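# An overview of the molecular structure
Next come the chains, spelled out residue by residue.
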Amino acid sequence: MTEYRIKGNTGEWEVVLGLEVHAQVSSKSKLFSGAPTDFGAEPNENVSLVDAAMPGMLPVINAYCVEQAVKTGLGLKAQVNRRSVFDRKNYFYADLPQGYQISQFLDPIIGKGTLIIDLADGSSRSIGITRLHLEQDAGKSLHEHSPKHSFIDLNRAGIALMEIVSEPDLRSPEEAGQYVKKLRSILRYLGTCDGDMEKGSMRCDVNVSVRKPGGALGTRCEIKNVNSVRFVMKAIEYEAQRQVGIIESGGKIDQETRLFDASTGETRTMRSKEDAHDYRYFPDPDLLPLEFSQEFVDKIKATLPELPDDKKARYIGEFGLSPYDAGVLVADLATTQYFETVVARHNPKLASNWITAELFGRLNKAGLDIESSPITTDKLSGLLALIEDNTISGKIAKVVFDKMFETGKDAARIVDEEGLKQVTDTGAIEKVIDDVMAANPDKVAEYRSGKDKLFAFFIGQVMKASGGKANPAAVNELLKKKLAG
């Protein structure tokens, strides 16, 4: 693993990072009310009397949200606490009518766990999970409708969130980015959160501090509500440099909450950072402690899907894929589903190569994800079948693939329309070889005198003369015989 260091005037500095990820629970109703959670509804359309904090309205726990939290804890190989407590977190939220947030503090539903991240240099790191607790989301303040007034949309108020807190084990922007990607992948595999950061269903608070390598922990600043992996990494880079600059100038870091401005790439002060006692937590008197049996946990555990790490190990062991390719294929649920549909019909390494290299290359260039790919699993399967039965060569397949991507046509149709079938007739290939040898008598003589490297020249000339359609294996075999005299 390459160490990440900030270079200052007084030497190198180490960055210490911990992330608090707020993941919206995939559920049709809110944590303590039956109001719907549909994204994109008209303002204040999905608001019950409980969400609006009308007098006398009592919260009732959503059992499905509890199941989703337990499932997530199991997916993170974390301790499941069969007894947990909901607390009132007293803090002024302009867009949370009750004036406090129902959360969990001393007794969360999920305890310590582990998440493994894979880094670009091929190394892996185990990152500790401190806890996962359930809490309700706040509403949203809208400022764009009036220069003088703020408007409140309570559709999000009361939606169930899982706050997943890491240990301060992360040491670089890359590690933080990989952590968020891996966590999002696990949540999507489990079906407990859709991980859509653009819609706000997954947000990240980043705690950043700096220290001399191996020294005492520095004062941390929290950067709130960062909504993309790229912004998480940029916020860390800026904030770490900012803190080093202040310390080396003789100043001290104030513990505070900051915001990341995506337009400038900078963080700025939001408010001084509160400690836990500032929130005056106490058990919510309207909610009994949440208790469930081991049988409840075991039933949920039995429904867990094969998760990314296990799937990666299977792809390496069963299919013989490289750790890198296996990692790419399992990183995203949609990619995994695409690959598994194709690999059920074709050679695993062939399927992997065409997805990770050819398909991904074109998708990235076009700015598309795999779910928007113009080449469906059936279309790719059709192309691979033509390669496997020697109808087309690998080189011609790339030409066909480009046309498939542009037009959406099936591979077989393109091959027929453009006459791209591979030439396997040995007589026809022999004639091409004879013509090439006749046109290059000097090269033939040099080859026969011991210049074996010229063989590649003849291969290239024959393939060129055949328009790339001659069967490479047949060309290789026949050419050797002909050149041997």
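For the structure given in this document, a descriptive report is provided here. (Residues numbered from 1 in each chain as written. Predicted model: local features only at pLDDT ≥ 70, side-chain atom pairs only at ≥ 80, totals over all residues. Heavy atoms only, no water.)

## Here we look at the pattern of salt bridges
A side chain of one charge can pair with a side chain of the opposite charge when the charged atoms of the two come close. Taken as a whole, this structure holds 36 salt bridges when the rule is applied. Taking the shortest distance from any N to any O, the salt bridge between D51 and K30 comes out at 3.2 Å. Here D51 is found in the loop between strand 2 (11-24) and helix 1 (63-75), whereas its partner K30 is found in the loop between strand 2 and helix 1, with 21 residues between them in sequence. For the pair D51 and K30, a shared accessibility class is recorded, and that class is buried. (Salt bridge = Lys/Arg side-chain N within 4 Å of Asp/Glu carboxyl O. Helix = DSSP H or I, 4+ residues; strand = E, 2+ residues; numbered from the N terminus. Buried < 20%, exposed > 50% of the residue type's maximum accessible area, 1.4 Å probe, protein only.)

## Describing the nonpolar core
Core analysis: the biggest nonpolar cluster contains 101 residues, and I109, M162, Y179, L380, L383 and V400 have the highest contact counts within it. Looking at this core, the element that brings in the most residues is helix 2 (residues 173-190), giving 8 residues. Those residues in contact with Y179 that sit more than four places away from it in its chain are L19, V21, L115, I117, I127, I129, I164, S166 and L170. Membership of the second largest hydrophobic core comes to 17 residues, among which are I433, V436, F458 and L478. (Core = buried A, V, L, I, M, F, W, Y, C linked by side-chain atoms within 4.5 Å. Contact = heavy atoms within 4.5 Å.)

## Some thoughts on the pairing of strand 4 (residues 87-90)
Residues D87 and K89 line one face of strand 4 and the alternating positions R88 and N90 line the opposite face, and both faces are buried. Of the strand pairs in this sheet, strand 4 and strand 5 (residues 100-103) are connected by 4 bridges, and their pairing is antiparallel. When the bridges of strand 5 are listed, R88 appears paired with I102. Note that strand 4 and strand 15 (residues 282-283) share 2 bridges and pair antiparallel. Within strand 15, the position partnered with D87 by the bridge is P283. (Pairing = 2+ DSSP bridges.)

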